[in-house]
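Observations on the three-dimensional arrangement
In case you want the letters, here they are:
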Amino acid sequence: PDPRAPVEVSGMKSSMNNNFDLGEDQFAAKSQTDPIRHAGADRPDLRPHLIESKIAGPNLPRGKVPLYCDKLFAFIDVQDRLLFYMVLAVGPGFACHIVEYGPYPEQDRGYFTARDARRTLKLKHQGEGLEGAIYAGIHALAARLKHQTWKREDEVELSLSSFVLVDEGDNGKTVQRAVREFETKGFLMTAKGMGLGPADTPVREYSRKEGEIIGDFWTCRPLPNVRGQRRLLVDTNEAKTFAAARLETPKADHGAATIYHASETHHQMLTDHLCAENRTLQSAKGREKETWKNTNRAENHLWDCFVGCIVAASTAGYKLLPKSTAAAPPPKPARRAARPRVRYI
């Protein structure tokens, strides 16, 4: 033992000191292996029956945009063997609808994993190494999304409204280069997650630096040492909690998410991805926050895509409607003061 370490007079005294040093929540979780359950801590994780209840009616098949949505956003999740993407339609009050999703390259099965995919990036772009295949795949998928249009229920054609977010993941340098060298400057932007906990300063409380934009759970900054390129840093825990709330909101209510019409079997892979992570309510420094983990290491790429689309919509200014949207009654007109009565004699 370290001779400089303080001598504890008893195990009880040692536990009391640890409780003081770590804080009650950390002490209970780490030293006692019995985490404190706070109010709301037992909020259930996303479950398949919840996702299935969000499937829209037959008037909204794949590729059709609901009448209440006015803009489209997309996100690309980068893996070594595949890319996953999603297109999300969003309207006022953060009503949103999954218009389409899938892999690149397309697969010959409705359900697969990135690990057992038969059509991979390297097979699609033969002759390229890992980095080259990812680079070529991002350009090919982004070009398709850029030139594609989707029809709304009233037959109005819509295209993507802003930049497409591309997750840097484990291939940051390759993704940054692919984004920088895409044919249309500014059409793509990289995104990088930050798993902030309750002890960390929330993004909305950051001090804004020159050239920086700060949102509710994201900040847009210039990419270090790369002139003219920007990156979106995202508090993934807060973004996932906000995204999960869109799926938990009944589909007729404000701020609800829905999914294009198809069978539950068709959406089985999407359902599994959306339900892959677990959340835990943690507290520190007087703040409570849900943190998300993929404890079973299940594939969650389409969940990342959904969260990324939500973040993209947030950067465009979409927000939830206030709880009470009823218009305040107009103020009553001020009563005119009565004229003094004059008696003529």
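Before reading further, recall that the structure is shown in the block above.
A few points on the structure. (Residues numbered from 1 in each chain as written. Predicted model: local features only at pLDDT ≥ 70, side-chain atom pairs only at ≥ 80, totals over all residues. Heavy atoms only, no water.)

**Digging into the nonpolar core**
This is how the line gets drawn: Only buried residues count toward a nonpolar core, which is a set of Ala, Val, Leu, Ile, Met, Phe, Trp, Tyr and Cys residues joined through side-chain atoms within 4.5 Å. Here's how the labels work: a residue is buried when its accessible area is under 20% of the maximum for its type, exposed when over 50%, partly exposed in between, all with a 1.4 Å probe on protein chains only. In DSSP terms, a helix is any run of H or I states spanning at least four residues, a strand is any run of E spanning at least two, and both are numbered starting from the N terminus. By the convention used here, residues are in contact when the closest approach between their heavy atoms is within 4.5 Å.
Core analysis: the largest hydrophobic core is formed by 51 residues, its most contacted members being M86, L165, L232, W303, F306 and V311. The biggest single contributor to this core is helix α9 (residues 301–315), with 10 residues. Excluding residues within four positions of it along the chain, L232 makes contact with L165, M189, T190, A191, K192, W218, T219, C220, V311 and T315. Ranked by size, the runner-up nonpolar core spans 30 residues in total, among them A74, V99, L160 and V175.

**A look at the packing of helix α7 (residues 236–248) against α9**
Quick note on the threshold: In this analysis, axes come from line fits to C-alpha atoms, helices being fitted only over the stretch in contact, and the angle between any two N-to-C directions falls in the range 0 to 180 degrees. In these notes the angle categories are as follows: under 35 degrees is roughly parallel, over 145 is roughly antiparallel, 65 to 115 is roughly perpendicular, and the rest is oblique. Think of it as three bins: nonpolar holds Ala, Val, Leu, Ile, Met, Phe, Trp, Tyr, Cys and Pro, charged holds Asp, Glu, Lys and Arg, and polar takes everything else, Gly as well.
At a closest axis distance of 9 Å, the pairing of α7 and α9 adopts a crossing angle of 95°. By the angle class used here, α7 and α9 are roughly perpendicular. Every residue of α9 that contacts α7 at A239, K240, F242, A243, A244, R246 and L247 is listed here: W303, D304, F306, V307, I310 and V311. Looking at the contact of α7 with α9 residue by residue, the classes come out as 10 nonpolar, no polar and 3 charged.

**Re the packing of aromatic side chains**
Operational definition: We call Phe, Tyr and Trp rings a pair once their centres come within 6.5 Å, taking the six-membered ring for Trp, and we label the pair stacked below 30 degrees between planes, edge-to-face above 60, and tilted otherwise.
Applying the stated criterion across every chain yields a total of 9 aromatic pairs. Between F94 and Y318, the aromatic rings sit 6.4 Å apart at their centres with planes inclined by 65°, giving edge-to-face as the arrangement. Here Y318 lies in the segment after α9 and F94 lies in the loop between β3 (83–90) and β4 (96–104), a separation of 224 residues in the sequence. Residue classification places F94 among the buried positions, given a relative accessible area of 1%.

**Re the sheet that holds strand β10 (residues 218–222)**
Convention followed: DSSP calls a pair of strands paired once it identifies at least 2 bridges connecting them.
Taken in spatial order, the 9 strands line up as β9-β10-β11-β8-β7-β2-β3-β4-β12 in an open sheet, and their pairing is mixed. The open sheet terminates on both sides in strands that have one partner only, identified here as β9 (213–214) and β12 (257–259). Taken together, the 8 bridges between β3 and β4 define a ladder with antiparallel strand orientation. Residue pairing for β4: M86 is matched across the bridge by Y101. Along the sheet, helix α5 (residues 130–147) contacts β2 (71–78), β3, β4, β7 (164–167) and β8 (188–194); its crossing angle with β3, the most-contacted strand, is approximately 25°. α7 contacts β4, β8, β11 (230–235) and β12 of the sheet and is inclined by roughly 70° relative to β11.

**Some details on the packing of α5 against helix α6 (residues 172–180)**
Think of two packed helices as two axes; the pair is described by the angle between the axes and how far apart they sit. Rule in force here: Here is the rule for handedness: rotate from the far helix to the near one, and if that takes an anticlockwise turn smaller than a right angle the crossing is left-handed, while a clockwise turn gives right-handed.
Where α5 contacts α6, the two axes come as close as 9 Å, and the packing angle between them is 40°. Along this stretch, α5 crosses α6, giving a crossing that reads as right-handed. Across from E131, I134, Y135, I138 and H139 in α5, the residues of α6 making contact are T174, V175, R177 and A178. Of the residues assigned to the contact of α5 with α6, the class counts are 5 nonpolar, 2 polar and 2 charged.

**Here's the deal with the sheet that holds strand β1 (residues 64–65)**
Pairing between sheet strands relies on hydrogen bonds along the backbone, with the strands arranged either parallel or antiparallel. Judged by pairing direction, the sheet is mixed, and its 3 strands sit side by side in the order β1-β5-β6 without closing on themselves. The open sheet has two free edges, formed respectively by β1 and β6 (157–158), since each of these has just one partner strand. Where strand β5 (residues 150–152) and β6 come together, 2 bridges link them in antiparallel fashion. Residue pairing for β6: K151 is matched across the bridge by E157.

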